[in-house]
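Here is how the chains run, residue by residue.
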Amino acid sequence: MKRREIMLGALCVASVASLGCSDDGGDGTQEVTIRFAGVVGTEPFVCGETYDNLGADDSSLEISDFRFYVQSVELKNQSGDYVPVALTENDWQAEGATLIDFEDGCTDLGTEPMNTTVTGTVPTGSYEGIRFEMGVPFEANHDNPSTAPSPLNLTSMHWDWQGGFKFLRIDSGTLSPTDWRMHLGSTGCDGDQLSGGTTACSAPNRTEVELESFAPESDTVVADLAALVEGAALDENQSGTPVGCMGGPADSDCAPLFNNLGLPFAGNAPSGAQIFFSVD
Amino acid sequence: MRNVPLILFLILLGAGCGSSDAASAPEEWVWDIPDTVPLPRIPEDNPMTPAKVELGRFLFYDKQLSANQTQSCGSCHQQELAFTDGLARAEGSTGELHPRSSMSIANVAYAASLTWANEALVRLERQALVPMFGENPVELGMANMENELLRRMRDDPRYPPMFADAFPDEADPITVDSITKAIAAFQRSVLSFGSKVDRWQAGDRTALNESEQRGMALFFGGTNEAGVEDAFECFHCHGGFLFSQSSDDEGQVFDQKFFMNNGLYNLDEDGSYPAGNQGLYDLTGDPADKGRFKPPSLRNVALTAPYMHDGSIQTLEEVLDHYARGGRLIESGPNAGDGMLNPNKNSLLNGFQITQQEKADLIAFLNALTDEDLLTNPAYSDPFAAE
């Protein structure tokens, strides 16, 4: 824990220092920081707080975890073309994935440090839009998690029975079997005995996000839990399935949540694009 | 490159140690497998060594691998029950019931896929993470406690030297990766090819009595008293050296993962099984996968009751009745429906006529698949039992 704080401190110093430099270090690139914020409707997310009026039944939930991975982050330049953000390797970013972590360890399955930014470099210029996916790149997603670098080495984010990671993890209460939870990742994956690896997943479940008007220096990507559960009856549960949605295609409680992420569910196309992420 | 001088130094150092060098070199693993059985597939990054298997045996039986230190892998995989637990559904360290019944780990080195219905799990090293860190259901309950787990291993005076011996090339051998590798190596060492049927197949014509021999003939496609050839169709799903068609080995180049619906349930016109326990469908969402599970190995089947993925059939006799009918009829209650009519049911399961004698012979044969040595072999036993 100490080591991580020191490293984060060092990163802050480094980024402050970089602000002092000119935008391009002479190599045609500039550093970029993309800010994320977790909210529940109009309120900021605070780990362990109870939020009301959620979903179709106006449910109240004490939200105790709120984390997700993002990948393939790209910014839209003045010509309207998307260019990839080259991620800075650090405790929160590795192998093309960034863990956005709004929880502060308010339950046993969390971690005290939080992360609300994607940091990296892009070609020098100004940018006015963003797109990314909520997920972990295929190769990293199915690699051996026991030897993966941070932030892919967190067993609370592993989804071993599906052979990958939880792309999104939201928990409520004390994480008992009766508490509402949502875990999402790739499902229907196939393993290969010869290589030991995963060959394909029938439901990749990577949420595609495009926010056409987004200025990295002034705007924030907002993840709204209230929007995620819009229309979902959180007090009800399909008998015999986990409370909430553990990403299983056989759990009908997942259907409205997948729809709000713009993901197909059980063969049905979503009604539109995702509504979980927006710009503030 | 920077490591080269250090490595050279270590080699020179080793050479200087004379005979002790030979003593510290990892011993070769020697398989004790009959000629009729192929070698298992061993991942390149996890070769078998006696030191690693021994470490894996301790870890397999060590309750420090559960968060509240009440359970080990061996709690649900008990040697005297052929590495099952006698329960219909397994119970985790926090009391949460698993939807499924504990499977035997005997000969798991040859499993084409692991657990009852999962195409993604093909390596024991990866599968071990599920009971350790899984949250749905909680088994050993170690999610987010990986550092605590490693601390327990470092603080237990038994383990640092064992890890060092098992992973001699690792500077810091106590890792989650090492733990899963050692447990996988131990599991691969748990072999069971010592039944009366094996002795018969090796040429010992005294190994099986007449009833067992008749049962074997019926199992492998014999004609029943009603005059139907291959009346019972057993070996189509439970054939091969594992008595499961879902098998893999060192020389296998084809994907032999195999899942089928055997007509246990039929809750609706889609052939649904009880929600949350629908086999491959729970992972794929494909309605044709409803009720598709892996046919388990029938080796030691006399010891692995109750039967089926949810332990819903108590005895081998009832299992035969189920197949004789061609599916199970549940007349009332939440699971009511006629499994015989399940649209996903395997086409070989059309029911059959069976006499009491044929039933007795088949069960005698199944009982002859028990390997007594498996149940008492000290190499597979709980090292903490004597402590």
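Residues numbered from 1 in each chain as written. Chains lettered and ligands numbered in written order. Predicted model: local features only at pLDDT ≥ 70, side-chain atom pairs only at ≥ 80, totals over all residues. Heavy atoms only, no water.

Turning our eyes to something else, we now look at the overall build of chain B. Looking only at helices and strands, chain B features 16 helices and two strands. The C-alpha atoms of chain B give a radius of gyration of 23 Å, which matches the 21 Å a tight globule of 387 residues would have. Principal-axis analysis of the C-alpha atoms places the extent of chain B at approximately 75 × 50 × 40 Å. Counting across all 387 residues of chain B, residues that qualify as buried make up 56%. Summarising the internal contacts of chain B: among those between residues at least 6 apart in sequence, 65% fall at separations of at least 24. Total accessible area on chain B stands at roughly 17,000 Å², and carbon and sulfur atoms take up 53% of it. Across chain B, 28 positive and 57 negative side-chain charges occur, with their mean positions spaced 2 Å apart. (Helix = DSSP H or I, 4+ residues; strand = E, 2+ residues; numbered from the N terminus. Rg over C-alpha atoms; globule rule 2.2 N^0.38 Å. Buried < 20%, exposed > 50% of the residue type's maximum accessible area, 1.4 Å probe, protein only. Contact = heavy atoms within 4.5 Å. Areas by Shrake-Rupley, 256 points an atom, 1.4 Å probe, with all protein chains shown as cover. Lys, Arg positive; Asp, Glu negative; His and termini not counted. Charge placed at Lys NZ, Arg CZ, Asp CG, Glu CD.)

What follows covers the overall build of chain A. When you go through chain A residue by residue, the secondary structure sums to four helices and 20 strands. In terms of overall size, chain A behaves like a compact globule, its C-alpha atoms giving a radius of gyration of 19 Å where 280 residues would be expected to give roughly 19 Å. Expressed as lengths along the three principal axes of its C-alpha atoms, the size of chain A is roughly 60 × 50 × 45 Å. Counting across all 280 residues of chain A, residues that qualify as buried make up 52%. A sequence separation of at least 24 residues applies to 66% of the contacts in chain A between residues at least 6 apart. A total accessible area of about 11,500 Å² is found for chain A, and carbon and sulfur atoms account for 50% of it. Here chain A contributes 11 positive and 43 negative side-chain charges, whose respective centroids are spaced 6 Å apart.

Residue and element names in this part refer to chain B. Looking at the element boundaries, asparagine 224 is found in the loop between α11 (210-219) and α12 (234-238). The exposure class assigned to asparagine 224 is buried, which follows from its relative accessible area of 5%. The spatial distance from the C-alpha of asparagine 224 to the C-alpha of glutamate 91 is 41 Å, given a sequence separation of 133 residues. Excluding residues that lie within four positions of it along the chain, asparagine 224 makes contacts with Leu218, Ala231, Phe232, Gln353 and Glu358. At 2.8 Å, the side chain of asparagine 224 and the backbone nitrogen of valine 228 are in polar contact. (Polar contact = N/O pair within 3.5 Å; in protein donor to acceptor, adjacent residues only side chain to side chain.)

Two cysteines form a disulfide when their sulfur atoms are joined by a covalent bond. In the structure shown here, the tally under the stated rule is three disulfides over all chains. Across the disulfide, A:Cys245 is cross-linked to A:Cys254 (sulfur-sulfur distance 2.0 Å). Of note, the bridge from A:Cys245 to A:Cys254 carries an S-S torsion of about 100° and is right-handed in sense. The exposure classification of A:Cys245 matches that of A:Cys254, with both residues buried. Once the bonded cysteines of chain A are numbered in order along the sequence, the disulfide links fall as 1-2, 3-4, 5-6. Just so you know, B:Cys73 is unpaired, no disulfide at all, and the nearest cysteine sulfur is the one on B:Cys76, 9.0 Å from it. Not part of a disulfide, B:Cys234 finds its nearest cysteine sulfur in B:Cys237, a span of 9.5 Å. (Disulfide = S-S within 2.5 Å.)

A separate point is the confidence of the model for chain B. All names here are of chain B. With 93% of its residues at a pLDDT of 70 or more, chain B has an overall mean of 93. For the stretch residues 1-23, pLDDT sits under 50, and the model shows one contact to residues farther than four places along the chain or on other chains. What the predictor reports for the complex is a pTM of 0.90 with an ipTM of 0.87. (pLDDT = per-residue confidence, 0-100.)

Taken together, the 36 residues of chain B in the interface contact 43 residues of chain A. Summed over both partners, the interface of chain B with chain A comes to about 3,000 Å²; 49% of that surface belongs to carbon and sulfur atoms. Contact with chain A buries area across many residues of chain B, yet B:Arg126, B:Glu135 and B:Asn144 alone supply 23% of it, more than any other trio. Taken together, the links from chain B to chain A amount to four salt bridges. Among the salt bridges present, the one from B:Lys257 reaches A:Asp190, with a minimum N-O distance of 3.1 Å. (Buried area = accessible area lost by both parts, 1.4 Å probe. Salt bridge = Lys/Arg side-chain N within 4 Å of Asp/Glu carboxyl O.)

Residue and element names in this part refer to chain B. With respect to the helices, strands and loops of the structure, aspartate 310 is situated in the loop between α13 (281-284) and α14 (316-325). Buried charge without a partner: aspartate 310 forms no salt bridge, and the closest opposite charge is arginine 328, 4.8 Å away. A distance of 2.8 Å separates a polar atom in the side chain of aspartate 310 from a polar atom in the side chain of serine 312. Look past the residues within four positions of aspartate 310 in its chain and what remains in contact with it is Ala88, Arg89, Pro99, Tyr265 and Asn277.

In this section: helix α8 (residues 159-166) of chain B. One turn of the α-helix equals 3.6 residues, which is why residues spaced by three or four share an orientation. Residue and element names in this part refer to chain B. Of the positions making up α8, those classed as buried are Tyr159, Met162, Phe163 and Ala166. The buried residues of α8 all sit within an arc of 100° when viewed along its axis, so they share a single face. Elements that come into contact with the buried residues of α8 comprise α3 (50-60), α7 (146-155) and α9 (176-189). (Arc of directions from axis to C-beta.)

Along the chain, the position of B:Gly227 falls in the loop between α11 and α12. When the C-alpha atoms of B:Gly227 and B:Pro274 are compared, they prove to be 37 Å apart, with 47 residues separating the residues in sequence.

The next point concerns the packing of aromatic side chains. Under the criterion given, the structure shown has 35 aromatic pairs over all chains. An aromatic cluster is built from A:Phe36, A:Phe45, A:Tyr51, A:Phe66, A:Phe68, A:Phe102, A:Phe132, A:Phe276 and A:Phe277, whose rings are joined through pairwise contacts. One residue, B:Arg205, lies across the ring of B:Trp200, its end atom 4.2 Å from the ring centre. Between the NZ or CZ atom of B:Lys290 and the centre of the ring of B:Tyr281, over which it lies, the distance is 4.8 Å. (Phe/Tyr/Trp six-rings, centres within 6.5 Å; stacked < 30°, edge-to-face > 60°. Lys NZ or Arg CZ within 6 Å of the ring centre and 35° of its normal.)

Turning next to the pairing of strand β18 (residues 220-224) of chain A. All names here are of chain A. Burial analysis of β18 places five of its five residues in the buried class, which makes it a mostly covered element. Neither face of β18 is exposed, since Thr220, Val222 and Asp224 on one face and Val221 and Ala223 on the opposite face are all buried. Both strand β1 (residues 29-40) and β18 contribute to a ladder of five bridges, which runs parallel. Within the sheet, the bridge partner assigned to phenylalanine 36 lies in β18 and is valine 221. Judged from the three bridges that link them, β18 and strand β20 (residues 277-279) form a sheet pairing that is antiparallel. When the bridges of β20 are listed, valine 222 appears paired with serine 278. (Pairing = 2+ DSSP bridges.)

On the surface, A:Asp57, A:Asp58, A:Asp235 and A:Glu236 cluster together into a patch of negative charge. By the secondary structure assignment, A:Asp57 is in the loop between β3 (50-54) and β4 (59-77). (Patch = residues over 30% accessible without salt bridge, like charges linked within 9 Å, V, L, I, M, F, W, Y side chains within 5 Å.)

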